[in-house]
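# Working through the structure, step by step
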Amino acid sequence: MQDNIRQISPISIAGITPQQPPTGMPICETVNPSELFVDPAYQREISEKGMRQIRRIIEGFDWAKFKPPICAYAEHEGETVLKVLDGQHTAIAAASNPHISSIPVMIVEAEDTISQAKAFIGQNTERLGVTKLQLHQAALAAADEDAQTLELVCQRAGVTVLKRPGSYSSTNARETIAITSIEALIHRRGPILSRQILEVLANAERGPLTAPQIKAVELLMTDPEYAEKFNAEDLTEAIVDLLHTAEDEAKLLAVTHKIAFWKALAITWFRKCRKRRQAPVKAA
């Protein structure tokens, strides 16, 4: 035995309550990778980056580096099949490699789409390769209450949450991938005020809605220093009037005064609101 290895030892569990597994222990089976399925309800589409990753796996396929895909049994067109919950890139690479006819997979208990989506979230929450946007779509499929609330708030504000980053464009009005910012907004301000904040940007036909824009509008609509001096319609009109010049001015302001960009953007929009309020009314 080598001297530089160590045996697995349990740690102290003082102060925590261990959970008894709610499902049975996974089983391992050997299957033809071409007979596996994926569910688009919670599995991302294969992007360009994903295709490159699959090609790299094919070119360097090595059992020593192989991580078995995690699957669950499901019904499809009257037959029982295996759905891949995690590891579809590996499965596709194996199916594409003429030297590979079968692979080992780990099969867990997850009988329906909701439980399978929850399993997907559990497998991918700590992985950098899976985006917040993809986890949000999986949470929706898992009937997660917070994800459903976020989706409803956005829908009522006239904002569309994109399903994948690849469809993100600088010209997509009323669309967003700023899931983390919207989640935090709802947590801080609740669904009603969050919808009103998002509506300001949506009604300005901004696209896509970004995290700094959302934080800027939140500041203006919740800080008494600003909120009492204009209404939501004023702010929407100011955003429309300044269009993209506001962000250029905000960048300069942020550098000059050493403040966060989103705060500088809020100040830039507020100045436009104030000028609009103070503009003299022309005689008829």
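Just so you know, these numbers come straight off a predicted model, no measurement behind them.

Rules of the game
- Residues numbered from 1 in each chain as written.
- Predicted model: local features only at pLDDT ≥ 70, side-chain atom pairs only at ≥ 80, totals over all residues.
- Heavy atoms only, no water.
- Buried < 20%, exposed > 50% of the residue type's maximum accessible area, 1.4 Å probe, protein only.
- Helix = DSSP H or I, 4+ residues; strand = E, 2+ residues; numbered from the N terminus.
- Polar contact = N/O pair within 3.5 Å; in protein donor to acceptor, adjacent residues only side chain to side chain.
- Core = buried A, V, L, I, M, F, W, Y, C linked by side-chain atoms within 4.5 Å.
- Contact = heavy atoms within 4.5 Å.
- Pairing = 2+ DSSP bridges.
- Salt bridge = Lys/Arg side-chain N within 4 Å of Asp/Glu carboxyl O.
- Phe/Tyr/Trp six-rings, centres within 6.5 Å; stacked < 30°, edge-to-face > 60°.

On to helix α9 (residues 232-242), then. Among all positions of α9, only Asp234, Leu235, Thr236, Ala238, Ile239 and Leu242 are buried. The N-cap residue of α9 is Asn231: its side-chain oxygen and the backbone nitrogen of Glu233 are 3.1 Å apart. One or two residues past the end of α9 sits Leu243, with phi positive at roughly 50 degrees.

Here we take up the nonpolar core. The biggest cluster of nonpolar side chains holds 41 residues, and the ones touching the most others in it are Leu198, Val217, Leu220, Leu235, Ile239 and Trp269. For this core, the elements supplying multiple residues, two or more each, are α5 (145-157), α6 (179-203), α7 (211-222), α9, α10 (245-257) and α11 (261-278). Broken down by element, this core gets its largest block of residues, nine residues, from α6. Excluding anything up to four places from it in sequence, Leu235 contacts Val200, Val217, Leu220, Met221, Phe230, Trp269 and Cys273.

On to the environment of His136. Mapped onto the elements of the fold, His136 is located in helix α4 (residues 132-141). According to the relative accessible area criterion, His136 is buried, its value standing at 3%. Spatially, the C-alpha atom of His136 lies 9.3 Å from that of Leu150, the residues being 14 residues apart in sequence. Excluding its chain neighbours within four sequence positions, the residues that come into contact with His136 are Ala147, Leu150, Glu151, Val161 and Ile179.

What follows concerns the sheet that holds strand β1 (residues 27-31). Read across the open sheet, the five strands follow the order β1-β5-β3-β4-β2; overall the sheet is mixed. Of all strands in the sheet, those bounded by a partner on one side alone are β1 and β2 (36-37). In terms of strand pairing, β2 meets strand β4 (residues 79-86) through two bridges, oriented parallel. From the neighbouring strand, Phe37 faces β4, where its bridge partner is Lys83.

What follows deals with the pattern of salt bridges. One pass over the structure, following the stated rule, counts six salt bridges. Measuring nitrogen to oxygen at the nearest pair gives 3.9 Å for the salt bridge that ties Glu48 to Arg52. Remark: Arg52 and Glu48 occur in helix α1 (residues 48-59); sequence separation between them is four residues, near one turn of the helix. Between Glu205 and Arg174 there is a salt bridge whose closest N-O contact spans 3.0 Å. In this pair, Glu205 is assigned in the loop between α6 and α7 and Arg174 in the loop between β6 (160-161) and β7 (175-176), connecting sequence segments 31 residues apart. Of the residues examined, Arg174 reaches a relative accessible area of 23% and is grouped as partly exposed. By sharing partners, the salt bridges in this structure join Arg188, Arg189 and Glu218 into a single network.

This model, assessed by the stated rule, comprises five aromatic pairs. A centroid spacing of 5.0 Å and a plane angle of 65 degrees characterise the contact between Trp63 and Phe66, whose relative ring orientation is edge-to-face. Owing to a relative accessible area of 15%, Phe66 belongs among the buried residues under this scheme. Note on Tyr226 and Phe270: the rings are 4.9 Å apart at their centroids and 75 degrees apart in plane angle, and the pair reads as edge-to-face. Linking Tyr226 in helix α8 (residues 224-227) with Phe270 in helix α11, this pair joins segments that are 44 residues apart in sequence. For Tyr226, a relative accessible area of 12% gives the class buried. Phe270 gets classed as buried once you look at its relative accessible area, which sits at 8%. Chaining the aromatic ring pairs together yields one cluster made of Phe61, Trp63 and Phe66.

Here the focus is unusual backbone geometry. The general pattern is negative phi for most residues beyond glycine and trans for most peptide bonds. Positive phi is not limited to glycine here, since Glu77 has a value of about 50 degrees. Position of Glu77 among the secondary structure elements: in the loop between β3 (70-76) and β4. Under the relative-accessibility criterion, Glu77 is labelled exposed at 73%. Despite not being glycine, Arg174 shows a phi value in the positive range, around 65 degrees.

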